[in-house]
Amino acid sequence: MPSVHQLMEYFDTDLTVMNATIALYILAMAIMPLFWAPFSERIGRRPVYIMSMGLFTVATVICGVARNLTLFFVFRIIQGASASAGLTVGGGSVADMFKLHQRGRAMSLFVLGTILGPTFAPLIGGYVGQYLGWRWIFYISTMIGGVIFAADVFIMRETLYRPSYEQEEKAKTLTERIADLKFDPFSGFLLLLRPDVLLMSIPMSVSFGWFFFLVSELSPTYSEVYSFDQGSLGLLYMTGGIGNSLGSLIGGFVTDKYYIYLRSKSEGGVVKLEKRLPPIFFGLPLIVAGNLMYGWFLYARLHWFTPLVGYLIMSTGTMFTVIISTNFLVESYLQNAASLTAIVSCTRNLVSTIFTLVGAAARAGLGDGWV
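In short, a report on the structure. (Residues numbered from 1 in each chain as written. Predicted model: local features only at pLDDT ≥ 70, side-chain atom pairs only at ≥ 80, totals over all residues. Heavy atoms only, no water.)

Focus on the overall build of the protein
Condition: Counting from the N terminus, the helices are the DSSP runs of H or I reaching at least four residues and the strands are the DSSP runs of E reaching at least two. Here's how the labels work: a residue is buried when its accessible area is under 20% of the maximum for its type, exposed when over 50%, partly exposed in between, all with a 1.4 Å probe on protein chains only. Throughout, a residue-residue contact means that at least one pair of heavy atoms, one from each residue, lies within 4.5 Å. A 1.4 Å probe and the Shrake-Rupley method give the accessible areas. Residues count as covered only by the protein chains that appear here.
The number of helices and strands found in the protein is 14 helices and zero strands. Traced from its N-terminal end to its C-terminal end, the protein shows the element sequence α-α-α-α-α-α-α-α-α-α-α-α-α-α. Out of the 371 residues in the protein, the part that is buried amounts to 51%. If you take every contact in the protein between residues at least 6 apart in sequence, the share linking residues at least 24 apart comes to 82%. Working note: accessible area of the protein is about 17600 Å², and carbon and sulfur atoms make up 70% of it.

Some details on the side chain of Arg76
With respect to the element layout, Arg76 can be found in helix H5 (residues 69-97). Arg76 gets classed as buried once you look at its relative accessible area, which sits at 16%. Apart from residues lying up to four places away in sequence, Arg76 is in contact with Tyr25, Cys63 and Phe138.

Focus on empty space enclosed by the protein
Counted only if it meets this: Definitions used throughout: a 1 Å grid over protein atoms alone; a cavity as a set of points that fits a 1.4 Å probe which cannot get out; a pocket as an open set with protein on both sides within 12 Å along at least five of seven lines; a lining residue as one with an atom within 4 Å of a point. Grid points are joined across faces, edges and corners, and a volume is the space filled by probe spheres set on the points. Note on residue classes: Ala, Val, Leu, Ile, Met, Phe, Trp, Tyr, Cys and Pro are nonpolar, Asp, Glu, Lys and Arg are charged, and everything else, Gly too, is polar.
On inspection of all chains with the given rule, the structure shows two cavities of 30 Å³ or more. Along its surface, the largest cavity is lined by Thr255, Leu273, Arg276, Ile324, Asn327, Phe328 and Glu331. A total of four residues in the lining of the largest cavity trace back to one element, the largest contributor, which is helix H13 (residues 305-332). For the lining of the largest cavity, the per-class residue count stands at three nonpolar, two polar and two charged.

A word on the side chain of Asp152
Going by this rule: In this tally, Asp and Glu contribute negative charge and Lys and Arg positive charge; neither His nor the terminal groups of the chain are included. By convention in these notes, a salt bridge is any Lys or Arg side-chain nitrogen within 4 Å of a carboxyl oxygen on Asp or Glu.
Relative to the helices and strands, Asp152 resides in helix H7 (residues 135-154). Despite its burial, Asp152 remains without a salt bridge, the nearest opposite charge being carried by Arg46 at 7.6 Å. Once residues lying within four places of it in the same chain are set aside, the contact partners of Asp152 are Arg46, Tyr49, Ile50 and Met53.

Side note on helix H1 (residues 4-11)
Count 3.6 residues to each turn of an α-helix, and residues three or four apart come out pointing the same way. Buried within H1 are the following residues: Val4, Gln6, Leu7, Met8 and Phe11. Immediately downstream of H1, the backbone of Asp12 shows phi near 55°, a positive value.

Let's talk about the packing of helix H4 (residues 45-65) against H7
The line we're drawing: Note on geometry: axes are C-alpha line fits, over the in-contact stretch for helices, and angles between N-to-C directions span 0 to 180 degrees. These descriptions rest on fixed angle ranges, namely under 35 degrees for roughly parallel, over 145 for roughly antiparallel, 65 to 115 for roughly perpendicular, and the rest for oblique. Crossing handedness follows the turn of the near helix against the far one: under a right angle anticlockwise gives a left-handed crossing, and clockwise gives a right-handed one.
Following both chains from N to C, one finds H4 and H7 inclined at 160°, their axes separated by 8 Å at the closest point. Judged by the angle between their axes, H4 and H7 are roughly antiparallel. Here the hand of the crossing between H4 and H7 comes out left-handed. Packed against H4, whose contacting residues are Arg46, Tyr49, Ile50, Met53, Gly54, Phe56, Thr57, Thr60, Val61, Cys63, Gly64 and Val65, the element H7 presents Arg135, Phe138, Tyr139, Ser141, Thr142, Gly145, Gly146, Ile148, Phe149, Asp152 and Val153 at the interface. Considering only residue class, the contact of H4 with H7 consists of 12 nonpolar, eight polar and three charged.

Some details on the packing of aromatic side chains
Using the following cut-off: The aromatic pairing rule takes the rings of Phe, Tyr and Trp, using the six-membered ring of Trp, and pairs them if the centres are within 6.5 Å, calling planes under 30 degrees apart stacked, those over 60 edge-to-face and the rest tilted. By the criterion adopted, a ring carries a charge over it if an Arg CZ or a Lys NZ lies within 6 Å of its centre and within 35 degrees of its normal.
Counted by the stated rule, this structure contains 21 aromatic pairs. Directly above the ring of Phe208 sits Arg348, whose terminal nitrogen or CZ lies 4.6 Å from the centroid.

Description of unusual backbone geometry
With a phi angle near 55°, Asp12 is a residue other than glycine that sits in the positive phi range. The residue Asp12 is located in the loop between H1 and helix H2 (15-31) in this model. A relative accessible area of 71% places Asp12 in the exposed class. Positive phi values are uncommon outside glycine, yet Arg301 reaches one of about 55°. Classification of Arg301 by relative accessible area gives partly exposed; the value is 46%.

As for the nonpolar core
Worth spelling out the cut-off: For the purposes of this section, nonpolar cores are sets of buried Ala, Val, Leu, Ile, Met, Phe, Trp, Tyr and Cys residues that join through side-chain atoms within 4.5 Å.
The biggest cluster of nonpolar side chains holds 28 residues, and the ones touching the most others in it are Val197, Met319, Leu329 and Leu340. Those elements that provide at least two residues to this core are H5, helix H6 (103-132), helix H10 (195-225), H13 and helix H14 (337-370). The leading source of residues in this core is H13, at eight residues. If we ignore the near neighbours within four places in the chain, the residues touching Leu340 are Leu191, Val197, Leu329, Val330 and Tyr333. Grouped together as the second largest cluster of nonpolar side chains are 19 residues, Phe211, Leu218, Leu233 and Met314 included.

Brief notes about a nonpolar patch on the surface
Counted only if it meets this: Think of a patch as exposed residues, more than 30% relative accessible area, with no salt bridge, where like charges cluster within 9 Å and nonpolar side chains (Val, Leu, Ile, Met, Phe, Trp, Tyr) cluster within 5 Å.
The grouping of Tyr127, Tyr131, Leu132, Trp136, Ile140, Met143, Ile144, Ile148 and Leu235 at the surface amounts to a nonpolar patch, some 880 Å² of accessible area in total. Contributions of two or more residues to the nonpolar patch are made by H6 and H7. A total of five residues in the nonpolar patch trace back to one element, the largest contributor, which is H7. Mapped onto the elements of the fold, Met143 is located in helix H7.

The values reported here are purely geometric and, on their own, carry no functional implication.
This is the structure:
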């Protein structure tokens, strides 16, 4: 994202079009989990990781050598589609490997891993783009993708526990095996008809939408208002990463500790899942306060550091609520953990796509304070 101006100049286009590449990337990350998750529940987690990472590596290198905007658009979509597998199937892998009282912290570490990339990538990408050019951002990502792909092939083990799977598969004909792979990727949307899933998905989706709105506008805003150069713009994204990391770690710690406390107070050590939700109310005020601080501090043209304080608070509250909400939903629908994670991810990314697409126009029309 710090290199967005380089891309605008190379492809001779404007910020709205370049934001569309980000939005389409997010949209692909919203749709493809609907396919990856049920697929992983049929053939296992490991094959999905291998296929998706191989596809990601190929798409990334093609983005790096793209000479026209159409090719860049197409393979950015493929890149987003393949990148979504780890984010989605990972939730199922956590449910596969950890027991109830361990999943809160394990889920927070998993989510933390997914946000460390967006934290440091803009920082590194800003300086790589400034000194080596925007293509090298994709070349380096290709190298990293290749290493992970090799690790998936040679080191990763299957986590989905299916004790009689091999015996059952041997007894099936080829036609029966192919039939087992068929699924309706959109059937998972029926989960949204359940009140608990819907009520958890809506606030998560809106808060993520605002977060991605700020991410998409952070670079142009600070280059315009505070005259930051490309390398310095990358440093700004550290703020959201630190906030997300804090929210993730605190959310996982609070979830597990609160569960242990409730179990010690309950009869027979049985705790209703919904009783684990009250800590979420500590995160919601942080989201609102952080957004207001960011917008109005920018509007007042205060020192560049002050809007970042709001950004930090907002991102902390966002990830804190996401961790508690996601852990609650995974525990509620443990048998369909990957599919549930896919649906929540889909709704979250769909809203983020919309917010990203309208970001530049909304800021231009309403100004920093009201947006």
